[in-house]
Amino acid sequence: MPLNKIAIITGSSRGIGAETAKLFSEHGYAVCLNYISNDSAADKVKSEILEKGGKCIAVKANVAVAAEVETLFRAVDDEFGPLSVLVNNVGILRKQSRLEAISEDRFIDVLLTNVMSCFLCSKEAVKRMSKKQGGMGGAIVNVSSRASTTGSPNEYVDYAASKGAIDTLTKGLALEVADEGIRVNAVRPGLIYTDMHASGGEPDRVDRLKNRVPMQRGGNAIEVAEAILWLASDKSSYVTGTFVDPAGGL
Ligand code: NAP
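Our subject in this report is the structure included herewith. (Residues numbered from 1 in each chain as written. Predicted model: local features only at pLDDT ≥ 70, side-chain atom pairs only at ≥ 80, totals over all residues. Heavy atoms only, no water.)

## Observations concerning a nonpolar patch on the surface
Operational definition: Patch building starts from residues that exceed 30% relative accessible area and form no salt bridge, then joins like charges within 9 Å and nonpolar side chains (Val, Leu, Ile, Met, Phe, Trp, Tyr) within 5 Å. Methods summary: accessible areas were calculated by the Shrake-Rupley approach with a probe of 1.4 Å, and residue burial reflects only the protein chains presented. For this document, the term salt bridge refers to a Lys or Arg side-chain nitrogen within 4 Å of an Asp or Glu carboxyl oxygen. Each residue's exposure class comes from its accessible area (1.4 Å probe, protein chains only) as a fraction of the maximum for that residue type: buried when under 20%, exposed when over 50%, partly exposed otherwise.
Taken together, Ile108, Leu112, Met116 and Phe119 make up a surface patch of nonpolar side chains, about 320 Å² in accessible area. Residue classification places Ile108 among the partly exposed positions, given a relative accessible area of 40%.

## Considering the side chain of Ser12
The criterion, for reference: Here a strand is any run of E in DSSP of at least two residues, a helix any run of H or I of at least four, and the numbering for each starts at the N terminus. Residues adjacent in sequence count toward polar contacts only when both atoms are side-chain atoms; beyond that, a polar contact is any pair of N or O atoms within 3.5 Å, and within protein one must be able to donate a hydrogen and the other to accept it. Throughout, a residue-residue contact means that at least one pair of heavy atoms, one from each residue, lies within 4.5 Å.
With respect to the secondary-structure elements, Ser12 resides in the loop between strand E1 (6-9) and helix H1 (15-26). Among the polar contacts made by the side chain of Ser12, one reaches the main-chain carbonyl oxygen of Ile9 at a distance of 2.6 Å. The contacts of Ser12, once residues within four sequence positions are left out, are Gly17, Ala18, Ala21, Cys32, Leu33, Asn34 and Val45.

## Notes on the sheet that holds strand E5 (residues 138-143)
To keep it simple, the criterion reads: Any two strands between which DSSP finds at least two bridges are classified as paired.
Strand order in the open sheet made by the 7 strands is E3-E2-E1-E4-E5-E6-E7, with parallel pairing throughout. In this open sheet, the two edge strands, each paired with only one partner strand, are strand E3 (56-60) and strand E7 (243-244).

## Looking at helix H3 (residues 66-79)
Definition in use: The span you would expect from a helix comes to 1.5 Å times its residue count less one. The arc in question is formed by the directions pointing from the helix axis toward the C-beta atoms.
In this model H3 runs 20 Å from its N-terminal to its C-terminal C-alpha over 14 residues, within 8% of the 20 Å that 1.5 Å per residue would give. When H3 is considered as a whole, its buried residues turn out to be Val69, Leu72, Phe73 and Val76. Within H3, the buried residues cover an arc of 85° as seen down the axis, which keeps them to one side. The exposed residues of H3 that point more than 90 degrees off its buried face are Asp78 and Glu79. Phi turns positive one or two residues past the end of H3, at Gly81, with a value near 105°.

## Description of the nonpolar core
Counted only if it meets this: Remark: nonpolar core denotes a set of buried residues (Ala, Val, Leu, Ile, Met, Phe, Trp, Tyr, Cys) joined through side-chain atoms within 4.5 Å.
Ile8, Leu72, Phe73, Leu83, Leu86 and Ile140 are the most contacted members of the largest nonpolar core, which has 29 residues in total. If you list the elements that add at least two residues to this core, you get E1, strand E2 (30-35), E3, H3, helix H4 (104-129), helix H6 (157-176) and strand E6 (182-187). Of all the elements, H4 adds the most residues to this core, at 6 residues.

## Some points on the site of the ligand
The test is simple: Residues are classed as near a molecule or strand on a simple rule: at least one heavy atom within 4 Å of it. Under the scheme applied, nonpolar residues are Ala, Val, Leu, Ile, Met, Phe, Trp, Tyr, Cys and Pro; charged residues are Asp, Glu, Lys and Arg; polar residues are all the others, including Gly.
Close to the ligand lie 32 residues; Ser13, Ser37, Asn89, Tyr159 and Thr194 are nearest. Ala61 is positioned such that a nitrogen or oxygen atom in its backbone is 3.4 Å from a nitrogen atom of the ligand. The contact in question runs from a nitrogen atom of the ligand to an N or O atom on the side chain of Asn62, over 2.9 Å. Protein chains shield 95% of the accessible area of the ligand, which is 920 Å² for the free molecule. At the level of secondary structure, the elements contributing two or more residues to the shell around the ligand comprise H1, E2, H6 and helix H7 (196-199). Grouping the constituent residues of the shell around the ligand by class yields 13 nonpolar, 16 polar and 3 charged.

## A short note on the environment of Glu176
Structurally, the position occupied by Glu176 is in helix H6. Each C-alpha atom, one on Glu176 and one on Ser47, is 38 Å from the other, the two residues being 129 residues apart in sequence.

## Considering helix H2 (residues 39-51)
For H2, with 13 residues, the first-to-last C-alpha span of 18 Å sits near the 18 Å given by 1.5 Å per residue. Among all positions in H2, only Ala41, Ala42, Val45 and Ile49 are buried. Projected down its long axis, H2 shows its buried positions confined to an angular sector of 100°, all on one face. Exposed side chains of H2 directed beyond 90 degrees from the buried face belong to Ser40, Lys44 and Glu51.

## A look at the pattern of salt bridges
Opposite charge on two side chains lets them pair, provided their charged atoms get close. One pass over the structure, following the stated rule, counts 20 salt bridges. A salt bridge links Arg14 to Asp195; the nearest nitrogen and oxygen atoms lie 2.9 Å apart. With Arg14 in the loop between E1 and H1 and Asp195 in the loop between E6 and H7, this residue pair connects regions lying 181 residues apart in the sequence.

## Considerations on the packing of aromatic side chains
Aromatic ring pairs are reported here in terms of the distance separating the ring centres and the angle at which the planes meet. Going by this rule: Two aromatic rings, drawn from Phe, Tyr or Trp (for Trp, its six-membered ring), form a pair once their centres lie within 6.5 Å of each other, and the interplanar angle then sorts them: stacked below 30 degrees, edge-to-face above 60, tilted otherwise.
Under the defined criterion, the tally for this structure stands at 2 aromatic pairs. A centroid spacing of 4.6 Å and a plane angle of 45° characterise the contact between Phe24 and Tyr29, whose relative ring orientation is tilted. Each of the two residues, Phe24 as well as Tyr29, counts as buried. Pairing Tyr156 with Tyr159 gives two aromatic rings, centres 5.6 Å apart and planes at 70°, and the pair type is edge-to-face. Comparing Tyr156 with Tyr159, the two get one shared label, buried.

This is a description of form; function is not addressed.
In C-alpha coordinates, the structure reads:
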(Lines give C-alpha, C1' and ligand atoms only; values in the text may rest on other atoms or scores of the structure.)
Protein backbone atom coordinates (compact mmCIF):
# COMPACT_ATOMS: atom_id res chain seq x y z
CA MET A 1 0.00 0.00 0.00
CA PRO A 2 1.91 3.11 -1.14
CA LEU A 3 1.51 6.08 1.17
CA ASN A 4 2.22 9.73 0.63
CA LYS A 5 5.80 10.14 1.75
CA ILE A 6 5.33 13.04 4.15
CA ALA A 7 7.17 13.04 7.47
CA ILE A 8 7.42 15.21 10.56
CA ILE A 9 10.62 14.67 12.54
CA THR A 10 10.62 16.49 15.86
CA GLY A 11 13.92 17.88 17.14
CA SER A 12 15.61 17.67 13.74
CA SER A 13 17.91 20.70 13.66
CA ARG A 14 20.73 18.64 15.18
CA GLY A 15 21.88 15.11 16.07
CA ILE A 16 19.81 12.02 15.35
CA GLY A 17 16.83 14.06 14.14
CA ALA A 18 18.90 15.96 11.57
CA GLU A 19 20.45 12.75 10.17
CA THR A 20 16.99 11.16 10.04
CA ALA A 21 15.53 14.13 8.15
CA LYS A 22 18.34 14.05 5.57
CA LEU A 23 18.02 10.27 5.14
CA PHE A 24 14.23 10.46 4.75
CA SER A 25 14.65 13.15 2.12
CA GLU A 26 17.12 10.97 0.21
CA HIS A 27 14.39 8.30 0.23
CA GLY A 28 11.81 10.60 -1.32
CA TYR A 29 10.00 11.99 1.72
CA ALA A 30 8.85 15.59 1.97
CA VAL A 31 10.25 16.46 5.37
CA CYS A 32 9.12 18.85 8.06
CA LEU A 33 11.98 19.79 10.36
CA ASN A 34 11.21 20.97 13.88
CA TYR A 35 13.36 22.67 16.50
CA ILE A 36 12.99 24.92 19.52
CA SER A 37 15.62 27.69 19.27
CA ASN A 38 18.63 27.03 17.03
CA ASP A 39 17.60 28.79 13.79
CA SER A 40 21.01 28.49 12.15
CA ALA A 41 21.24 24.73 12.75
CA ALA A 42 17.75 24.23 11.32
CA ASP A 43 18.55 26.46 8.31
CA LYS A 44 21.68 24.41 7.62
CA VAL A 45 19.78 21.09 7.54
CA LYS A 46 17.00 22.63 5.45
CA SER A 47 19.50 24.07 2.93
CA GLU A 48 21.30 20.73 2.59
CA ILE A 49 17.99 19.02 1.79
CA LEU A 50 16.80 21.70 -0.65
CA GLU A 51 20.17 21.83 -2.44
CA LYS A 52 19.83 18.10 -3.19
CA GLY A 53 16.36 18.66 -4.65
CA GLY A 54 14.37 17.52 -1.62
CA LYS A 55 11.19 19.05 -0.24
CA CYS A 56 11.56 20.55 3.22
CA ILE A 57 10.05 23.08 5.59
CA ALA A 58 11.31 23.97 9.07
CA VAL A 59 8.90 24.87 11.87
CA LYS A 60 10.14 26.36 15.12
CA ALA A 61 7.81 24.98 17.81
CA ASN A 62 8.09 23.73 21.36
CA VAL A 63 6.50 20.32 20.98
CA ALA A 64 5.79 20.07 24.71
CA VAL A 65 3.08 22.75 24.22
CA ALA A 66 -0.24 21.72 22.63
CA ALA A 67 -0.89 24.98 20.76
CA GLU A 68 2.58 24.88 19.18
CA VAL A 69 2.13 21.23 18.18
CA GLU A 70 -1.13 22.14 16.45
CA THR A 71 0.67 24.90 14.53
CA LEU A 72 3.39 22.44 13.51
CA PHE A 73 0.92 19.89 12.15
CA ARG A 74 -1.19 22.53 10.39
CA ALA A 75 1.92 23.78 8.60
CA VAL A 76 2.43 20.29 7.18
CA ASP A 77 -1.25 19.92 6.22
CA ASP A 78 -1.05 23.21 4.32
CA GLU A 79 2.37 22.71 2.73
CA PHE A 80 2.53 19.00 1.91
CA GLY A 81 -0.86 17.33 2.59
CA PRO A 82 -1.66 14.10 4.46
CA LEU A 83 1.02 13.05 6.91
CA SER A 84 2.29 9.47 6.65
CA VAL A 85 5.15 9.37 9.18
CA LEU A 86 5.79 10.96 12.57
CA VAL A 87 9.16 10.55 14.25
CA ASN A 88 8.93 11.58 17.91
CA ASN A 89 12.62 12.32 18.31
CA VAL A 90 12.75 15.27 20.74
CA GLY A 91 14.51 14.44 23.95
CA ILE A 92 16.57 16.33 26.50
CA LEU A 93 18.66 15.52 29.53
CA ARG A 94 20.24 17.72 32.16
CA LYS A 95 23.47 17.66 34.16
CA GLN A 96 24.53 14.32 35.62
CA SER A 97 23.33 14.04 39.19
CA ARG A 98 21.90 11.76 41.86
CA LEU A 99 18.11 11.82 42.25
CA GLU A 100 18.05 13.84 45.48
CA ALA A 101 19.77 16.76 43.71
CA ILE A 102 17.19 16.86 40.90
CA SER A 103 14.85 19.85 41.33
CA GLU A 104 11.10 19.78 40.83
CA ASP A 105 11.46 22.25 37.92
CA ARG A 106 14.00 20.07 36.18
CA PHE A 107 11.90 16.94 36.66
CA ILE A 108 8.88 18.69 35.15
CA ASP A 109 10.96 20.08 32.26
CA VAL A 110 12.42 16.68 31.34
CA LEU A 111 9.11 14.86 31.64
CA LEU A 112 7.18 17.50 29.68
CA THR A 113 9.76 17.74 26.91
CA ASN A 114 10.37 14.03 26.53
CA VAL A 115 6.95 12.53 27.26
CA MET A 116 4.31 15.24 26.72
CA SER A 117 5.84 16.02 23.30
CA CYS A 118 5.41 12.41 22.19
CA PHE A 119 1.88 12.28 23.60
CA LEU A 120 0.75 15.55 21.94
CA CYS A 121 2.36 14.86 18.56
CA SER A 122 1.03 11.30 18.47
CA LYS A 123 -2.50 12.60 19.12
CA GLU A 124 -2.27 14.93 16.12
CA ALA A 125 -0.78 12.18 13.95
CA VAL A 126 -3.43 9.60 14.83
CA LYS A 127 -6.21 12.09 14.02
CA ARG A 128 -4.74 12.48 10.55
CA MET A 129 -3.62 8.89 9.84
CA SER A 130 -6.37 6.69 11.31
CA LYS A 131 -8.32 4.83 8.65
CA LYS A 132 -11.27 4.87 11.04
CA GLN A 133 -11.16 8.67 10.88
CA GLY A 134 -10.81 8.97 7.10
CA GLY A 135 -7.01 8.86 6.98
CA MET A 136 -4.72 6.66 4.89
CA GLY A 137 -2.74 5.01 7.69
CA GLY A 138 0.86 5.68 8.59
CA ALA A 139 3.74 4.99 10.93
CA ILE A 140 4.91 6.54 14.17
CA VAL A 141 8.47 5.95 15.35
CA ASN A 142 9.41 7.03 18.87
CA VAL A 143 13.01 7.68 19.87
CA SER A 144 13.41 6.14 23.30
CA SER A 145 16.73 5.07 24.80
CA ARG A 146 18.51 2.07 26.29
CA ALA A 147 18.34 4.21 29.44
CA SER A 148 14.71 3.04 29.77
CA THR A 149 16.05 -0.37 30.76
CA THR A 150 19.25 0.62 32.61
CA GLY A 151 17.65 3.45 34.65
CA SER A 152 20.78 5.67 34.36
CA PRO A 153 21.70 5.59 38.09
CA ASN A 154 23.85 8.50 39.33
CA GLU A 155 23.42 10.28 36.01
CA TYR A 156 19.79 11.06 35.17
CA VAL A 157 17.05 8.80 36.46
CA ASP A 158 14.57 11.53 35.45
CA TYR A 159 15.62 11.12 31.81
CA ALA A 160 15.60 7.31 32.05
CA ALA A 161 12.12 7.34 33.59
CA SER A 162 10.88 9.56 30.77
CA LYS A 163 12.13 6.99 28.29
CA GLY A 164 10.38 4.22 30.26
CA ALA A 165 7.18 6.19 29.71
CA ILE A 166 7.93 6.36 25.98
CA ASP A 167 8.31 2.56 25.86
CA THR A 168 4.94 2.08 27.55
CA LEU A 169 3.29 4.68 25.33
CA THR A 170 4.74 2.91 22.27
CA LYS A 171 3.25 -0.42 23.30
CA GLY A 172 -0.13 0.94 24.33
CA LEU A 173 -0.67 3.18 21.32
CA ALA A 174 0.50 0.46 18.93
CA LEU A 175 -2.21 -1.88 20.23
CA GLU A 176 -4.81 0.89 20.28
CA VAL A 177 -4.39 1.76 16.58
CA ALA A 178 -3.19 -1.57 15.16
CA ASP A 179 -6.43 -2.08 13.20
CA GLU A 180 -6.55 1.52 11.97
CA GLY A 181 -3.58 1.26 9.57
CA ILE A 182 -1.09 2.87 11.95
CA ARG A 183 2.06 1.11 13.16
CA VAL A 184 3.85 2.43 16.26
CA ASN A 185 7.38 1.35 17.12
CA ALA A 186 10.45 2.75 18.86
CA VAL A 187 14.21 2.79 18.61
CA ARG A 188 16.26 2.66 21.80
CA PRO A 189 19.73 3.99 20.96
CA GLY A 190 22.76 3.40 23.16
CA LEU A 191 25.75 5.75 23.24
CA ILE A 192 25.54 7.97 20.16
CA TYR A 193 27.89 10.82 19.23
CA THR A 194 25.70 13.96 19.41
CA ASP A 195 25.56 17.29 21.26
CA MET A 196 23.21 15.84 23.86
CA HIS A 197 26.01 14.64 26.12
CA ALA A 198 27.23 18.23 26.54
CA SER A 199 23.79 19.02 28.01
CA GLY A 200 24.53 16.33 30.58
CA GLY A 201 27.77 18.12 31.47
CA GLU A 202 30.11 15.64 29.76
CA PRO A 203 30.62 16.25 26.02
CA ASP A 204 33.05 13.30 25.77
CA ARG A 205 30.83 10.81 27.61
CA VAL A 206 30.59 8.43 24.65
CA ASP A 207 34.38 8.10 24.43
CA ARG A 208 34.66 7.56 28.21
CA LEU A 209 32.12 4.73 28.16
CA LYS A 210 32.63 3.17 24.73
CA ASN A 211 34.72 0.28 26.07
CA ARG A 212 31.68 -0.92 28.03
CA VAL A 213 29.83 -1.39 24.73
CA PRO A 214 30.17 -4.99 23.47
CA MET A 215 31.03 -3.63 20.01
CA GLN A 216 33.70 -1.41 21.66
CA ARG A 217 32.61 1.83 20.05
CA GLY A 218 30.03 4.59 20.19
CA GLY A 219 27.35 4.83 17.54
CA ASN A 220 26.75 7.46 14.86
CA ALA A 221 23.47 9.29 14.35
CA ILE A 222 23.10 7.81 10.87
CA GLU A 223 23.08 4.29 12.35
CA VAL A 224 20.00 5.26 14.39
CA ALA A 225 18.44 7.06 11.42
CA GLU A 226 18.63 3.87 9.31
CA ALA A 227 16.66 1.94 11.95
CA ILE A 228 14.06 4.73 12.11
CA LEU A 229 13.72 4.72 8.33
CA TRP A 230 13.13 0.96 8.29
CA LEU A 231 10.48 1.16 11.01
CA ALA A 232 8.75 3.99 9.14
CA SER A 233 8.81 2.22 5.77
CA ASP A 234 6.61 -0.49 4.28
CA LYS A 235 9.60 -2.84 4.62
CA SER A 236 8.51 -3.27 8.25
CA SER A 237 4.83 -3.60 7.34
CA TYR A 238 4.09 -6.42 9.84
CA VAL A 239 6.01 -4.83 12.74
CA THR A 240 4.22 -2.88 15.46
CA GLY A 241 4.54 -2.30 19.20
CA THR A 242 8.18 -3.27 19.25
CA PHE A 243 11.70 -1.91 19.74
CA VAL A 244 14.89 -1.79 17.72
CA ASP A 245 18.00 -1.09 19.80
CA PRO A 246 20.85 0.52 17.82
CA ALA A 247 23.21 0.19 20.77
CA GLY A 248 26.17 -1.98 19.77
CA GLY A 249 24.96 -4.78 22.04
CA LEU A 250 24.42 -2.67 25.18
P1 NAP B 1 20.50 16.65 20.40
O2 NAP B 1 21.67 16.49 19.50
O3 NAP B 1 20.68 17.30 21.74
O4 NAP B 1 19.33 17.43 19.58
C5 NAP B 1 18.15 17.77 20.22
C6 NAP B 1 17.16 18.30 19.21
O7 NAP B 1 15.89 18.49 19.86
C8 NAP B 1 17.54 19.66 18.64
O9 NAP B 1 17.12 19.70 17.30
C10 NAP B 1 16.72 20.63 19.50
O11 NAP B 1 16.44 21.88 18.86
C12 NAP B 1 15.44 19.83 19.65
N13 NAP B 1 14.58 20.18 20.79
C14 NAP B 1 14.88 20.14 22.12
N15 NAP B 1 13.80 20.45 22.85
C16 NAP B 1 12.78 20.70 21.97
C17 NAP B 1 11.41 21.06 22.10
N18 NAP B 1 10.85 21.22 23.32
N19 NAP B 1 10.68 21.25 20.97
C20 NAP B 1 11.23 21.08 19.75
N21 NAP B 1 12.52 20.73 19.55
C22 NAP B 1 13.28 20.54 20.66
O23 NAP B 1 19.81 15.24 20.71
P24 NAP B 1 20.14 13.77 20.14
O25 NAP B 1 21.27 13.20 20.89
O26 NAP B 1 20.15 13.77 18.66
O27 NAP B 1 18.85 12.99 20.68
C28 NAP B 1 17.71 12.74 19.87
C29 NAP B 1 16.88 11.70 20.59
O30 NAP B 1 17.66 10.50 20.76
C31 NAP B 1 16.42 12.11 21.98
O32 NAP B 1 15.11 11.66 22.23
C33 NAP B 1 17.39 11.37 22.89
O34 NAP B 1 16.85 11.14 24.17
C35 NAP B 1 17.59 10.09 22.11
N36 NAP B 1 18.80 9.36 22.46
C37 NAP B 1 20.03 9.92 22.24
C38 NAP B 1 21.16 9.18 22.62
C39 NAP B 1 22.55 9.72 22.43
O40 NAP B 1 23.51 9.06 22.90
N41 NAP B 1 22.73 10.87 21.78
C42 NAP B 1 21.03 7.91 23.19
C43 NAP B 1 19.76 7.40 23.39
C44 NAP B 1 18.65 8.13 23.01
P45 NAP B 1 17.48 23.14 18.94
O46 NAP B 1 18.60 22.83 17.97
O47 NAP B 1 16.64 24.31 18.52
O48 NAP B 1 17.97 23.21 20.35
